[in-house]
Amino acid sequence: MADWQMLSDRIRHVEPSATLAVDSKAKAMKASGIDVIGFGAGEPNFPTPDYVVDAAAQACRDPKNHRYTPTAGLPELRRAIADKTLRDSGYAVAPEQVVVTNGGKQAVYESMQILLDPDDEVIIPAPYWTTYPQAVRLAGGVPVTVFAGADRGFEPDIDQIEAARTPRTKAIIVNSPSNPTGAVWSERTITEIGRWALDHHIWVISDEIYEHLHYDGVDTTYIGAVVPELRNQLLVLNGVAKTYAMTGWRVGWMIAPEPVAKAAAKLQGHLTSNVSNVSQRAAIAAVGGNLDAVAAMRRAFDRRRTAIVDALNAIDGVVCPTPKGAFYAFADVRALLGRALGPNGSNAETSAQLAELLLDEAHIAAVPGEAFGAPGYLRFSYALADDQLDFGMHRFAAWAGAAR
């Protein structure tokens, strides 16, 4: 048997993806015949729009897509992403600044690899997406978390951020609309972070993957637009996964100053080479098309957002603020901890234990707040069918109140 101590310290100290672990266990239970309702994965339940699929089908038949292509991405896609950035974000970038990656997650990984030296620090506002600190650690860096709770709308305070700064601070991550909270940070906060980063010569990594998913008249603020002077030290990460229901197509991108983009392409040349050409052709159709399909999905998400927040707040011991973006409800479940739950009177001392009980006993998959730097919370994705959402919330309520 292999000696696991022979593995590198790097990989032994990285935690597995909690969101994927929950999703994998839920799928395994489903495969065994258990009726599991999955609120775990951040994946739209809609099919990819037909015109995108048609572009991919046509690309399959074109022999030019059967070969290696430029590592940084098809020139047509890089240009389309630059055009989309001007349309949506309101400022111009050159195609040479764009690197097409195998999903947005690879863009996060590459950002850390090309920016960080050992022991460099990255400020990560919490609650955060579970991969951010792991990507920092894989690059030899040190994640430094700054927590902002529901009392602040999960929006960081510039004084907290400044208090976390040290001579080793190399970068800060901005994620708005946010995973896991659904928070949409105000223009004031985004601007303050941008100007702070300028003053202290700190890189900004802006993850804008949920840019088109916002509600109640709240809009996404693009840091590269409101602080244009920052663009020489700004990396924008994005992709087609959430906006166009294309999680399985694996197309993301990085927009960065040209020297950084060239460094990312150099790294990718040794890592994966080019992204699948068929997926890239599909992405050209997606980013170059209109946003009608996106608007339709957003309307459905908005309806589900109201339903899940109302249902969660109706459960004794659960408090859930109304998110303004993305498709997640981030519920405070601390009042459920230490309480007898379910027909067996089970007890959870942590939100991680609570999530495990929910899956094992109520057959509901949610992700514990520990994965996001926020113990005491559960993240529920509402990117699932309306009837499944309704049934799952009824099941949660019945289980939470069923203790003898």
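All of these numbers come straight from a predicted model, not from anything done at the bench.

## Let's talk about the sheet that holds strand β11 (residues 367–368)
So, point 1. What the 3 strands build is an open sheet, ordered β9-β12-β11; its pairing is antiparallel. Looking at the sheet topology across the chains shown, the edges are occupied by β9 (328–332) and β11.
So, point 2. One ladder, built from 2 bridges, connects β11 with strand β12 (residues 377–381); its direction is antiparallel. Along β12, the bridge assignment pairs Pro-368 with Leu-378.

## Section: the pattern of salt bridges
So, point 1. With the rule as written, the count across this model stands at 21 salt bridges.
So, point 2. Across the pair Asp-9 and Arg-12 runs a salt bridge whose closest N-O atoms are separated by 2.4 Å. Of this pair, Asp-9 and Arg-12 both sit in helix α1 (residues 9–12), 3 residues apart, which is roughly one turn of the helix.
So, point 3. Since its relative accessible area comes to 46%, Asp-9 is described here as partly exposed.
So, point 4. Because the salt bridges share partners, they merge into one network encompassing Lys-84, Arg-87, Asp-88 and Glu-211.

## Concerning the domain arrangement of the protein
So, point 1. Partitioning the protein into domains gives domain 1 (10–47 + 293–401) and domain 2 (67–289).
So, point 2. The C-alpha-based centres of domain 1 and domain 2 are spaced at 26 Å.
So, point 3. Residue-level contacts link 34 residues of domain 1 with 32 residues of domain 2.
So, point 4. Buried surface at the junction of domain 1 and domain 2, summed over both partners, amounts to about 2,700 Å²; 62% is from carbon and sulfur atoms.

## Examining the UniProt feature "domain: Aminotransferase class I/classII large" (unreviewed entry) in the protein
So, point 1. In this numbering, the UniProt entry assigns the feature "domain: Aminotransferase class I/classII large" (unreviewed entry) to residues 35–390.
So, point 2. For residues 35–390, the end-to-end C-alpha separation is 14 Å, with 38% helix and 15% strand making up the annotated structure.

Calculation rules
Residues numbered from 1 in each chain as written. Predicted model: local features only at pLDDT ≥ 70, side-chain atom pairs only at ≥ 80, totals over all residues. Heavy atoms only, no water. Pairing = 2+ DSSP bridges. Helix = DSSP H or I, 4+ residues; strand = E, 2+ residues; numbered from the N terminus. Salt bridge = Lys/Arg side-chain N within 4 Å of Asp/Glu carboxyl O. Buried < 20%, exposed > 50% of the residue type's maximum accessible area, 1.4 Å probe, protein only. Domains from an automatic or database assignment. Contact = heavy atoms within 4.5 Å. Buried area = accessible area lost by both parts, 1.4 Å probe. UniProt positions renumbered as here; feature names shortened; annotations may be inferred.

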